[in-house]
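Structure at a glance
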Amino acid sequence: MTHFPKYLKTYPNMHTAFPLHLSLNQLPHGYPAHRHDFLEFSYVVEGFGEEIINGVCHPMAPGTFTFILPYQVHEIVTQPGSTLKLYNCSFSLDLLMDSGINGTLGGLVNDWDRQSPFTQFQEQNREYMKKLLEEMYQEYAEGHRWRETMLKAQLWEILIRFDRYRQETRGDSQLPVSSTGVKSSVWPIIHYIHNHYQEELMLSNLAEAFSMSMSRISELIKQATGQTFVHFLHDLRIRHASGLLASTDLSVIEIAHEVGYGSYKTFYRMFREKKGVIPTEYRKIKR
């Protein structure tokens, strides 16, 4: 039976209309092995250590940029006597899935097993990336007009510059990520589920869309997420519903239909099972 390390299912504002969280952290003792179903990048400002992603290790030093995809097991080890200071940004896969960027940022996910998950920025590039992170961190901390639009633009620029730089420096001491337990063919399926979970979606739809058997698709999803297709689908729907409950005045019935539940009873039961409270109570708590 496959063992899955600690599964983090939340970050401070993931159940909001803009699921992105940026922080500046200090790690004197590293961070234990874990995985999560959201995207994350980090950028080292100070200190030294190493990071293990799906069993493959790379060094961490000022200028190291790492891009973590959903469900990848990763761990940070701080070098003795050092403290790693780094930016960490957690965000929803949905922020990379706007129709206008499928050919650019979508490739960051689809080609993950053919790309290095990190790069080491040098000299002027390192200082420029640091400046971009400082500006994004300031924007995140303040409440200026167009804040969310600006943050999304800054996120895209940072990820694009990371991808360009790792392409330019490919082969310069960069290491591939082991594909242990997860196949690259699962990412188009994960994308498809994210794009269609608000519809009446079944394994048979995926089998037809990807010309695979239902059992094979089910196996790929379980390998990647540690969950069955049904549990994964419910997680996406309930997460979306949580954001709508916290940030809109839509009725609970409207929200149930919006996130893909044809039956209000099913939505009510699944929400209480996942969150431990009923939808109306959740809304009161979050407000």
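Here goes a summary of the coordinates provided. Being a predicted model, the structure only gives us computed values, none of them experimental.

Cut-offs applied
Residues numbered from 1 in each chain as written. Predicted model: local features only at pLDDT ≥ 70, side-chain atom pairs only at ≥ 80, totals over all residues. Heavy atoms only, no water. Helix = DSSP H or I, 4+ residues; strand = E, 2+ residues; numbered from the N terminus. Buried < 20%, exposed > 50% of the residue type's maximum accessible area, 1.4 Å probe, protein only. Pairing = 2+ DSSP bridges. Axes fitted to C-alpha atoms, helices over the stretch in contact; angles between N-to-C directions. Phe/Tyr/Trp six-rings, centres within 6.5 Å; stacked < 30°, edge-to-face > 60°. Lys NZ or Arg CZ within 6 Å of the ring centre and 35° of its normal. Contact = heavy atoms within 4.5 Å. Polar contact = N/O pair within 3.5 Å; in protein donor to acceptor, adjacent residues only side chain to side chain. Salt bridge = Lys/Arg side-chain N within 4 Å of Asp/Glu carboxyl O.

For residues besides glycine, phi is generally negative; the peptide bonds are generally trans as well. One non-glycine residue, Glu123, lies in the positive phi region at around 50°. Within the chain, Trp146 stands out as a residue other than glycine whose phi angle is a positive 70°. In this structure, Trp146 sits in the loop between α2 (123–141) and α3 (147–168). The class for Trp146 is exposed, based on a relative accessible area of 56%.

The subject of this paragraph is the sheet that holds strand β4 (residues 39–46). The sheet built from 5 strands is open, its strands ordered β2-β9-β4-β7-β10 with antiparallel pairing. Two strands bound the open sheet, and with one partner strand each, they are β2 (20–27) and β10 (118–120). Strand-to-strand, the axes of this sheet are offset by a mean angle of 15°, without reference to chain direction. Here β4 pairs with strand β7 (residues 64–68) via 4 bridges, running antiparallel. Across the sheet, residue Glu40 finds its bridge partner in β7, namely Ile68.

Turning our eyes to something else, we now look at the packing of aromatic side chains. For the coordinates displayed, the defined rule picks out 14 aromatic pairs. With a centroid separation of 6.0 Å and an interplanar angle of 50°, the aromatic rings of Tyr264 and Tyr268 are classed as tilted. In this pair, Tyr264 and Tyr268 both sit in helix α9 (residues 264–275), 4 residues apart, roughly one turn of the helix. Under the relative-accessibility criterion, Tyr264 is labelled partly exposed at 34%. Of the aromatic side chains, those joined through ring pairs into one cluster are Phe41, Tyr43, Phe65, Phe67, Phe91, Phe121, Phe162 and Tyr165. Positioned above the aromatic ring of Tyr140, the side-chain terminus of Arg147 is 5.0 Å from the ring centre. Note that Arg237 overlies the ring of Tyr261, its terminal NZ or CZ placed 5.2 Å from the centroid.

Topologically, Gln198 is positioned in the loop between α4 (186–196) and α5 (203–210). Since its relative accessible area comes to 32%, Gln198 is described here as partly exposed. Separated by 60 residues in sequence, Gln198 and Glu258 place their C-alpha atoms 6.5 Å apart. Excluding its chain neighbours within four sequence positions, the residues that come into contact with Gln198 are His240, Glu258, Val259 and Gly260. Among the polar contacts made by the side chain of Gln198, one reaches the main-chain carbonyl oxygen of Glu258 at a distance of 3.0 Å.

With that out of the way, let us pick up the pairing of strand β9 (residues 84–91). Within β9, 7 of the 8 residues are buried, which leaves the element mostly enclosed by the surrounding structure. In this structure, β2 lies alongside β9, joined through 8 bridges in antiparallel fashion. Within the sheet, the bridge partner assigned to Ser23 lies in β9 and is Asn88. Here 7 bridges tie β4 to β9, and the two strands are oriented antiparallel to one another. What sits directly across from Val44, in β9, is Leu86.

Structurally, the position occupied by His240 is in helix α7 (residues 229–247). Ignoring any residue separated from it by four or fewer positions in sequence, one finds His240 in contact with Tyr197, Gln198, Glu258 and Val259.

For the rest of this paragraph, the subject is the pattern of salt bridges. Evaluated as defined, the whole model comprises 6 salt bridges. Between Glu135 and Lys131 there is a salt bridge, and its shortest N-O distance comes to 2.6 Å. Within this pair, Glu135 and its partner Lys131 are both found in helix α2, separated by 4 residues, close to a single helical turn. A salt bridge links Glu281 to Lys284; the shortest N-O distance between them is 3.7 Å. Residue Glu281 and its partner Lys284 are located together in helix α10 (residues 279–286), separated by 3 residues, close to a single helical turn. In this structure Lys284 comes out as exposed when scored by relative accessible area, which is 60%.

None of the figures reported here should be taken as evidence of function without further support.
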